[in-house]
Every structure is written in structure tokens, then in C-alpha cells.
Amino acid sequence: MNAQIINLLESNHIKPTPMRMLVLEQMMVQKKNLSLAEIEELLYPSDRITIYRTLQTFVKQGLAHPIETAHSGYIYALCSDNCKTDNHFDNHPHFFCEKCKKVICSSDFLFNLEYKPNAKFYSVEKVEVTIKGICPDCNKS
Ligand SMILES: [Zn+2]
Ligand SMILES: [Zn+2]
Ligand SMILES: [Zn+2]
């Protein structure tokens, strides 16, 4: 596990510090995307500011992306291999489960953005799509 964590950090040009390793480990082992408050709780009594800065580093280096949610502010999801330093390609939809409140990065849905001629007058910075419904886990039970 540790080797895997160090490897992932280094491939995103992040120096592995104990705090960065702890935060990344939680993001890998927990079965859902986590908010700052949730990570803080899991790593108690670690300092909130340090955890926050760690997450910002992950975002900057293309390791994680923030998702804005209505219920718990920003939560953080690990990126796919496509993301690099200062260059995110997370244009996948996020699925919000209305039962368990989990937010899932979902590549099970495909969106095709069709750019029409007038689109060139817009500068698109980010595409965010949220789908709401019941997730596969909740559908099973
Ligand atoms: Zn990303
Ligand atoms: Zn669910
Ligand atoms: Zn995502």
C-alpha cells in the first residue's frame, strides 16, 4: 500500500510527506469521495489547515479534483491518469445518490458536447454535470 501511495504521489510530482501519504491513503481506502471535514475526522488530531493545504496541492498537481455539493460543500475525488499538473480533464458527470448522499465520479454516463459555430465566442473553463438519482449500491438493497 505504501509503495503504491508513494508511487502515485511521485508520478504527480508531489513530494511524499507523512501528511500527504495519510490523506491520499484515506482517499484510496474510503468507499466515497470525502470532504475536508470528513478527512479531518478520519485523521484526528491532525491540523485542519495542513489537510486543507494538502488537498490544494493534490488539486494543483492533477491528483484530485474538487466537486461542489449542495449538502457538504466541496468534496474531493481522485483523478484519472489523464490529469496532470495544472491540467485537469475531469469532464465526467458526477452522480449524486439521493439515498446515501454519496457523490460518485461516473464514467458510466457519456456526454457528447456538440459545439456549434457560436460556441467559439465563449471561453469554457470547466464543464460540470450532476446527475441525481439512486446509486447501484442503494438499488441493490
Ligand atoms: Zn483531474
Ligand atoms: Zn446510494
Ligand atoms: Zn469526478
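It should be emphasised that the depicted structure is a prediction, and the values quoted were computed from it without experimental measurement.

### Quick look at the packing of helix 1 (residues 2–11) against helix 2 (residues 18–29)
Here's step 1: Direction vectors running N to C along helix 1 and helix 2 enclose 105 degrees, while the axes themselves pass 10 Å from each other. The pairing of helix 1 with helix 2 is recorded here as roughly perpendicular in orientation. Here helix 1 contributes N2, Q4, I5, I6, L8 and L9 to the contact with helix 2, which in turn contributes R20, M21, L24, E25 and M28.
Here's step 2: Broken down by class, the residue content of the contact of helix 1 with helix 2 amounts to 7 nonpolar, 2 polar and 2 charged.

### Remarks on the nonpolar core
Here's step 1: With 19 residues, the main nonpolar core has L9, V23, M27, I39, I51, L55 and F58 as its most contacted residues.
Here's step 2: Among the secondary structure elements, those contributing two or more residues to this core are helix 1, helix 2, helix 3 (36–42) and helix 4 (48–60).
Here's step 3: Element by element, the count of residues in this core is highest for helix 2, at 5 residues.

### Some thoughts on the pairing of strand 2 (residues 64–69)
In regular strands, side chains alternate between the two faces of the sheet.
Here's step 1: For strand 2 and strand 3 (residues 73–78), the ladder comprises 6 bridges, and the chain directions are antiparallel. Bridge pairing links H65 to A77 in strand 3.
Here's step 2: The loop that links strand 2 with its antiparallel partner strand 3 comprises 3 residues.

### Examining the sheet that holds strand 4 (residues 94–97)
Here's step 1: In space, the 3 strands of this open sheet follow the order 5-4-6, with mixed pairing throughout. The sheet is open, and its two edges are formed by strand 5 (103–105) and strand 6 (130–133), each paired on a single side. Looking at each pair of strands side by side, their axes are set apart by 25 degrees on average, direction ignored.
Here's step 2: Pairing between strand 4 and strand 5: 3 bridges, direction antiparallel. Bridge pairing in strand 5 links F96 to V103.

### Observations regarding helix 2
Owing to its 3.6 residues per turn, the α-helix brings residues three or four apart onto one side.
Here's step 1: Given a rise of 1.5 Å per residue, 12 residues ought to cover 16 Å, and the 16 Å separating the end C-alpha atoms of helix 2 matches this to within 8%.
Here's step 2: Within the sequence span of helix 2, burial applies to M19, R20, M21, V23, L24, Q26 and M27.
Here's step 3: Residues of helix 2 that are buried sit in contact with helix 1, strand 1 (34–35), helix 3, helix 4, strand 2 and strand 3.

### Quick word on the coordination of the zinc ion (ligand 1)
Here's step 1: Coordination of the zinc ion (ligand 1) by the protein comes from C79 (SG), C83 (SG), H88 (ND1) and D90 (OD), over a distance range of 1.9 to 2.3 Å.
Here's step 2: Expressed as a motif, the donor residue spacing for the zinc ion (ligand 1) is C-x3-C-x4-H-x1-D. With C79 in the loop between strand 3 and strand 4 and D90 in the loop between strand 3 and strand 4, the pair connects residues that are 11 residues apart, well separated along the chain.

### A short note on the sheet that holds strand 3
Here's step 1: Taking strand neighbours across the sheet as the criterion, the 3 strands line up as 1-3-2 in an open arrangement whose pairing is antiparallel. Each end of this open sheet is capped by a strand with a single partner; those strands are strand 1 and strand 2.
Here's step 2: Here helix 4 sits on the sheet in contact with strand 2 and strand 3, set at roughly 55 degrees to strand 3.

Thresholds, definitions, all that
Residues numbered from 1 in each chain as written. Chains lettered and ligands numbered in written order. Predicted model: local features only at pLDDT ≥ 70, side-chain atom pairs only at ≥ 80, totals over all residues. Heavy atoms only, no water. Axes fitted to C-alpha atoms, helices over the stretch in contact; angles between N-to-C directions. Helix = DSSP H or I, 4+ residues; strand = E, 2+ residues; numbered from the N terminus. Parallel < 35°, antiparallel > 145°, perpendicular 65-115°, else oblique. Contact = heavy atoms within 4.5 Å. Nonpolar A, V, L, I, M, F, W, Y, C, P; charged D, E, K, R; others polar. Core = buried A, V, L, I, M, F, W, Y, C linked by side-chain atoms within 4.5 Å. Buried < 20%, exposed > 50% of the residue type's maximum accessible area, 1.4 Å probe, protein only. Pairing = 2+ DSSP bridges. Expected span 1.5 Å × (residues − 1). Donors = N, O, S within 2.8 Å, 3.2 Å for Na, K, Ca; no water.

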